[in-house]
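Read off the chains here:
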Amino acid sequence: MIEREPLFSLLHATARIPWGWKKAHDEWMASADDPTTIEYLLAIDAAEVPNLPVDFGAPWVENGGTEGIDIIHAPVYGSAPVWNCAAKHATGKILITIADDWQPCPHWDTEIKKVIPDLNGEYVVEVSCGGEADVRRLMVFSIITKARYNRYGYIFHPDYLGLYADDDFTAMARRDNVVIDARHLMLPHMHFTAGLSPIDPIYQRQNSNASIMLGQQIYAKRKREGFPS
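What counts, and at which threshold
Residues numbered from 1 in each chain as written. Predicted model: local features only at pLDDT ≥ 70, side-chain atom pairs only at ≥ 80, totals over all residues. Heavy atoms only, no water. Helix = DSSP H or I, 4+ residues; strand = E, 2+ residues; numbered from the N terminus. Rg over C-alpha atoms; globule rule 2.2 N^0.38 Å. Buried < 20%, exposed > 50% of the residue type's maximum accessible area, 1.4 Å probe, protein only. Arc of directions from axis to C-beta. Contact = heavy atoms within 4.5 Å. Salt bridge = Lys/Arg side-chain N within 4 Å of Asp/Glu carboxyl O. Phe/Tyr/Trp six-rings, centres within 6.5 Å; stacked < 30°, edge-to-face > 60°. Lys NZ or Arg CZ within 6 Å of the ring centre and 35° of its normal. Polar contact = N/O pair within 3.5 Å; in protein donor to acceptor, adjacent residues only side chain to side chain. Expected span 1.5 Å × (residues − 1).

## Quick notes on the overall build of the protein
The secondary structure content of the protein amounts to 8 helices and 7 strands. Relative to the 2.2 N^0.38 estimate, which gives 17 Å for 229 residues, the radius of gyration of the protein is 17 Å and therefore close to what a compact globule would have. When its C-alpha atoms are laid out on the principal axes, the protein stretches across 50 × 40 × 30 Å. Relative to its full complement of 229 residues, the protein shows a buried share of 52%.

See below:
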């Protein structure tokens with residue numbers, strides 16, 4: 001943990017153990033203008049916690065000791081619950097859900113801070129990630145103020161394991177009229193469906209037919225009900 005209250009909490013959910021998460025971490029930290037304002041929370045899916053090497057511990061000290069990585073052994077399965085688990089530990093004013101295949105833009109911390117008019121207000125920042133998500137105006141990843149998180153006590157509705165949680169998140173943010181349009185910022189999602197990453201067992205597990213059907217069913221039910229909290 002950094003010694004003072006951070007501005008950003010990067011919530012990185014991963015099941016790619018031991019090192020599949022590290023490239024994304026390094027890119028996000030290297031692209032920031034001020035790493036000393038960042039709290040990095042690496043939350044590990046419960047399915048992979050038993051596979052951790054014995055010496056897999058925190059913190060790793062980066063950039064001359066300006067920040068470290070806090071490791072969370074999540075007691076839950078699936079990307080959405082693991083992100084929610086990380087969020088419970090966050091102390092920053094701006095929470096960002098990080099994934100192994102999501103790349104930052106240069107100066108992302110300065111650029112995101114610039115578009116939020118009040119860090120104590122309730123806001124969700126919409127950026128570009130490329131592909132079909134941009135066509136659909138789907139916020140695949142979440143950039144939210146702590147005030148927004150505090151309104152519901154979660155980032156993704158707890159019914160979801162992963163798929164369609166972002167559809168639900170997007171619908172709720174638009175319904176509540178808290179979205180800031182920052183689509184001039186491109187943060188590429190290097191997803192296997194766009195041919196930007198090789199498919200691996202984690203992608204296969206997350207995108208199984210059973211996972212798709214479950215997400216669709218939950219989303220359809222919540223949409224009918226008006227997305228209750």
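## A look at helix H1 (residues 22-31)
Those residues of H1 not exposed but buried are Lys22, Ala24, His25, Trp28 and Met29. Considered in projection along H1, the buried side chains sweep an arc of 160 degrees and stay on one side of the axis. Among the exposed residues of H1, those pointing more than 90 degrees away from its buried face are Lys23 and Ala30. Contact partners of the buried residues in H1: strand E1 (8-14), strand E2 (38-44), strand E3 (69-73), strand E4 (94-98) and helix H3 (108-115).

## Here we look at the pattern of salt bridges
Between side chains of opposite charge, a pair can form when the charged atoms approach closely. By the definition in use, this model includes 17 salt bridges. Close ionic contact of glutamate 122 with arginine 151 constitutes a salt bridge, the shortest N to O distance being 3.0 Å. Here glutamate 122 is found in the loop between H3 and strand E5 (124-128), whereas its partner arginine 151 is found in helix H5 (residues 146-152), with 29 residues between them in sequence. Accessibility expressed as a relative area gives 43% for arginine 151, which makes it partly exposed.

## With respect to the packing of aromatic side chains
In the structure shown here, the tally under the stated rule is 11 aromatic pairs. Ring geometry for tyrosine 219 and phenylalanine 227: centres 5.6 Å apart, planes at 50 degrees, overall tilted. In this structure tyrosine 219 comes out as buried when scored by relative accessible area, which is 18%. Its relative accessible area of 9% is what places phenylalanine 227 among the buried residues. Seen from the ring of tyrosine 203, arginine 16 lies directly overhead, with NZ or CZ sitting 4.5 Å from the centre.

## Some points on the side chain of glutamate 48
With respect to the helices and strands, the residue glutamate 48 is situated in the loop between E2 and E3. Residue classification places glutamate 48 among the buried residues on the basis of a relative accessible area of 11%. A polar atom in the side chain of glutamate 48 sits 3.2 Å from the side chain of arginine 205. When neighbours within four sequence positions are excluded, glutamate 48 is seen to be in contact with Ala15, Ile17, Ile202 and Arg205.

## So, the environment of lysine 113
Its location among the elements puts lysine 113 in helix H3. Taking the relative accessible area as the measure of exposure, lysine 113 reaches 44% and is therefore partly exposed. Separated by 19 residues in the primary sequence, lysine 113 and isoleucine 94 have C-alpha atoms spaced 8.5 Å apart. Excluding its chain neighbours within four sequence positions, the residues that come into contact with lysine 113 are Leu7, Phe8 and Leu119.

## Here's the deal with the environment of phenylalanine 227
Inspection of the secondary structure puts phenylalanine 227 in the segment after helix H8 (209-224). Setting aside its immediate chain neighbours within four residues, phenylalanine 227 contacts Asp168, Ala171, Met172, Arg175, Tyr219 and Arg222.

## Topic: H8
In this model, H8 (16 residues) spans 23 Å end to end at C-alpha, consistent with the 22 Å of a helix rising 1.5 Å per residue. Among the residues making up H8, those that are buried are Gly215, Ile218, Tyr219 and Arg222. All buried residues of H8 lie within an arc of 95 degrees about the axis, which places them on one face of the element. H8 presents Asn209, Ala210 and Arg224 as exposed residues on the side facing more than 90 degrees away from its buried surface. Packing partners of the buried residues in H8 comprise helix H6 (165-175).

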